[in-house]
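Read off the chains here:
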Amino acid sequence: EVIQRMQQGAPIKFFDETWPSIVGIVAANLDRDALTKPPYRDKIWRFYDAQFNLRLHEKIIKGVEAGIRNLAATDFERFSHLADATLSPNAAVIQCLLVEGFAAAGQDYPEEALTFLLADASRFNVGWSNDPVAPARELIGKASQACSETTLSSLQIAILDWYPWWEKTAAGRRSFGYSQY
């Protein structure tokens, strides 16, 4: 309850206090298995489901989510500097949080949001375990309504060229193209 009250009362302050530690914890716990490609999943939030936040680490990441969204919506310049500075480590949790931040500011800064998303196609699939494409879908839904025609064309090409790894397998053939939808 204490963490929930803190992140609800002052989400940006909560974010400021926890972000450096979150980045450090994620970097120290990356699963850089030879079979996986970046962005790497970490051993703590790999199976995080945003609907459930019963454990301490889930409550903390929920607060970080709220804080990064608030920061992006209220101080986009500071958020974009933070995003540029936090591209390493190439961690799915960090990328997911940044995509969520850009989604929160997507209507006001559509070009910047979509440029960030399009810079690395793996960002289409960095969400939480219950819906890995949700952050990208949210960003696209908000930013595509106000972006330039050039950016929209680039987005369309990127979406049509993108398939998650599992859709390319024999078992995933029935779902081929589903993620683009």
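Look a little higher up for the structure.
In this report, the structure presented in the accompanying data block is examined. Residue numbers run consecutively from 1 along every chain, following the written order of its sequence. Local features in this predicted model are restricted to residues of pLDDT 70 or higher, and side-chain atom pairs are both shown and tallied only at a pLDDT of 80 or more, whereas totals for entire chains, interfaces and linings draw on every residue. Here the side-chain values reflect all heavy atoms present in the structure, with hydrogen atoms and water set aside.

1. Considerations on the packing of aromatic side chains
The geometry of an aromatic ring pair comes down to the distance between the two centres and the angle between the two planes.
And step 1. Note on aromatic pairs: the rings of Phe, Tyr and Trp (six-membered ring only in Trp) are paired at centre separations within 6.5 Å, and the planes decide the class, stacked below 30 degrees, edge-to-face beyond 60, tilted for the rest. Summed over all chains, the structure comprises 8 aromatic pairs.
And step 2. Ring geometry for Tyr48 versus Trp128: centroids 4.7 Å apart, planes at 85 degrees, classification edge-to-face. Highlighted residues: Tyr48 in the loop between α2 (11-28) and α3 (56-74) and Trp128 in the loop between α6 (110-118) and α7 (134-143), separated in sequence by 80 residues. Accessibility assignment for this pair places Tyr48 and Trp128 in one class, buried.
And step 3. Feature note: the residues Phe76, Phe79, Phe102, Tyr109 and Phe116 constitute an aromatic cluster, connected by ring pairs.
And step 4. We count a charge as sitting over a ring when the NZ of a lysine or the CZ of an arginine lies within 6 Å of the ring centre and within 35 degrees of the ring normal. Taking NZ or CZ as reference, Arg123 lies 3.8 Å from the ring centre of Phe116, over its face. Only DSSP runs of H or I with at least four residues qualify as helices, and only runs of E with at least two residues qualify as strands; both kinds are numbered from the N terminus onward. Exposed residues in this analysis have more than 50% of their type's maximum accessible area, buried residues have under 20%, and partly exposed residues fall in between, with area computed by a 1.4 Å probe over protein chains only.

2. So, the pattern of salt bridges
And step 1. Throughout this description, the term salt bridge denotes a Lys or Arg side-chain nitrogen within 4 Å of a carboxyl oxygen of Asp or Glu. Within the structure shown, the criterion is met by 7 salt bridges.
And step 2. The closest approach of N and O atoms between Arg46 and Asp31, which form a salt bridge, is 2.4 Å. With Arg46 in the loop between α2 and α3 and Asp31 in the loop between α2 and α3, this pair connects stretches of sequence that are 15 residues apart.
And step 3. Its salt-bridge partner being Glu58, residue Arg55 comes within 2.8 Å of it at the nearest N-O pair.
And step 4. You can call Glu58 buried: its relative accessible area is 7%.
And step 5. Each of Arg69, Glu138 and Lys142 takes part in salt bridges that share partners, so that together they form one network.

3. A few points about the side chain of Glu100
And step 1. Topologically, Glu100 is positioned in helix α5 (residues 92-104).
And step 2. Lys and Arg are tallied as positive, Asp and Glu as negative. Neither His nor the chain termini are counted. Here Glu100 occupies a buried position and makes no salt bridge, while the nearest side chain of opposite charge, Arg69, is found at 4.1 Å.
And step 3. The residues touching Glu100, leaving out its near neighbours within four places in the chain, are Glu65, Arg69, Trp128 and Pro135. We call two residues contacting when some pair of their heavy atoms lies within 4.5 Å.

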